[in-house]
Amino acid sequence: MAQHTTNCVCTGDSYVESQNPNSNYGSQLILQTSELATIIYLKFDIPNIRHKKLISAAVCLYLVDDFSGLRNIGPAPLYAGFDEMALTYNNKPQSGTPSRSYPNPIGANQWTEWRFFDWTNFWERLLSSKGVEFFAETSDVVSFHSRENVNKPYLKIVYEDSPPLQPIASYPSNAYLNLDQEITLSWDYRAEFGGTQKGYQVEWRVQDDAEWTVATAESEESFYIIPAGTLQNGNISWRVKTYNEYNEESPYSEILTFYAIGQPAEPTVYVEPSARPL
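Residues numbered from 1 in each chain as written. Predicted model: local features only at pLDDT ≥ 70, side-chain atom pairs only at ≥ 80, totals over all residues. Heavy atoms only, no water.

Colleague: What's the story with the pattern of salt bridges in this structure? I'm lost.
Modeller: It is possible for side chains of opposite charge to pair when their charged atoms get near one another. The full count for this structure, using the stated rule, is 7 salt bridges. Taking the shortest distance from any N to any O, the salt bridge between Arg147 and Glu84 comes out at 2.5 Å. Here the residue Arg147 occupies a position in the loop between strand 8 (142-145) and strand 9 (154-160), and Glu84 occupies one in the loop between strand 5 (72-77) and strand 6 (110-115), the gap between them amounting to 63 residues. The partner of Lys241 in a salt bridge is Glu249, and the shortest N-O contact between them spans 3.4 Å. A network of salt bridges, in which partner residues are shared, links Lys52, Asp161 and Glu248. (Salt bridge = Lys/Arg side-chain N within 4 Å of Asp/Glu carboxyl O. Helix = DSSP H or I, 4+ residues; strand = E, 2+ residues; numbered from the N terminus.)

Structure, rendered in structure tokens:
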């Protein structure tokens, strides 16, 4: 599948300090973090990729000064959003499990990437809040450019397309059905990473014919009704493929077969004239 990288724009950032619990730093050019409960908060414009196959995610920050390294540092998803111009230590949002590491020393004035490790477990949290906490357990103050500066923070997400899985055609199969009545074809929509069916394409033909009759619809319903009188007598083969909300299509289902039979024509009754008596 095709792999994509999207860089999500930072829509708000600030930091808070426990020593100044009522202060706001939302307009500062520099973001700071240290073990003295100085914590950075960022939020991003994340696209709708909820049902894609997510490969990785990393907070990208431009480091201002040398970082001595070998300190516990990294991001964590937020449980709630925040207002960058109202954020303080006293009203900071709660965060989830952090993805922190002990990197080697990093030189000043360069981009750094801080990846989420087990991030798939709290991806829904990040999508809901759009926010990240960033914290370093170091006595040194670690400084990065804010979005008000030249090198703005961003969130880098790598993902793959995830079309629906092969649907399971379920009914009818090996059945005798009256072609003078409506016939319902049904299937199960399947997707590896969730989501809903947006549409489908159903096809049928008299068995072994070269051409398929095609019916399409934009619908979450996993069935199609063939109108009465559409089919002809014989073995009918049918299959279906589905589409997700990104218009990615599944493979065709397996081909199922049923037998369409019509009501016999009314018999013609011939009456022989009776013989005349002698």
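Text resumes after the structure shown.
Colleague: What exactly am I supposed to notice about the pairing of strand 5 here?
Modeller: Look at any regular strand and the pattern is simple: side chains alternate between the two faces of the sheet. The buried fraction of strand 5 amounts to 6 of the 6 residues, a majority that puts the element mostly inside the structure. Side chains of strand 5 alternate between two faces, with Asn72, Gly74 and Ala76 and Ile73, Pro75 and Pro77 buried alike. Of the strand pairs in this sheet, strand 5 and strand 7 (residues 131-137) are connected by 6 bridges, and their pairing is antiparallel. Residue Ala76 lies in a different strand from strand 7, and its bridge partner there is Glu133. (Buried < 20%, exposed > 50% of the residue type's maximum accessible area, 1.4 Å probe, protein only. Pairing = 2+ DSSP bridges.)

Colleague: What is the right way to read the environment of Gln207 from this model?
Modeller: Counting through the fold element by element, Gln207 comes out in the loop between strand 13 (199-206) and strand 14 (213-217). Given the relative accessible area of 34%, Gln207 is considered partly exposed. Along the backbone, Gln207 and Phe258 are 51 residues apart, and their C-alpha atoms lie at a distance of 9.4 Å. Residues in contact with Gln207, not counting those within four places in the same chain, are Asn235, Ile236, Ser237 and Thr257. (Contact = heavy atoms within 4.5 Å.)

Colleague: It is not clear to me how unusual backbone geometry should be interpreted in this structure. Could you clarify?
Modeller: Keep in mind that most residues, glycine aside, have a negative phi and that most peptide bonds are trans. For the bond from Tyr171 to Pro172, the omega torsion is 0°, close enough to zero to count as cis. With respect to the helices and strands, the residue Pro172 is situated in the loop between strand 10 (168-171) and strand 11 (176-178). Within the chain, Asn174 stands out as a residue other than glycine whose phi angle is a positive 55°. Counting through the fold element by element, Asn174 comes out in the loop between strand 10 and strand 11. The phi dihedral of Asn247 falls on the positive side, at around 65°, and the residue is not glycine.

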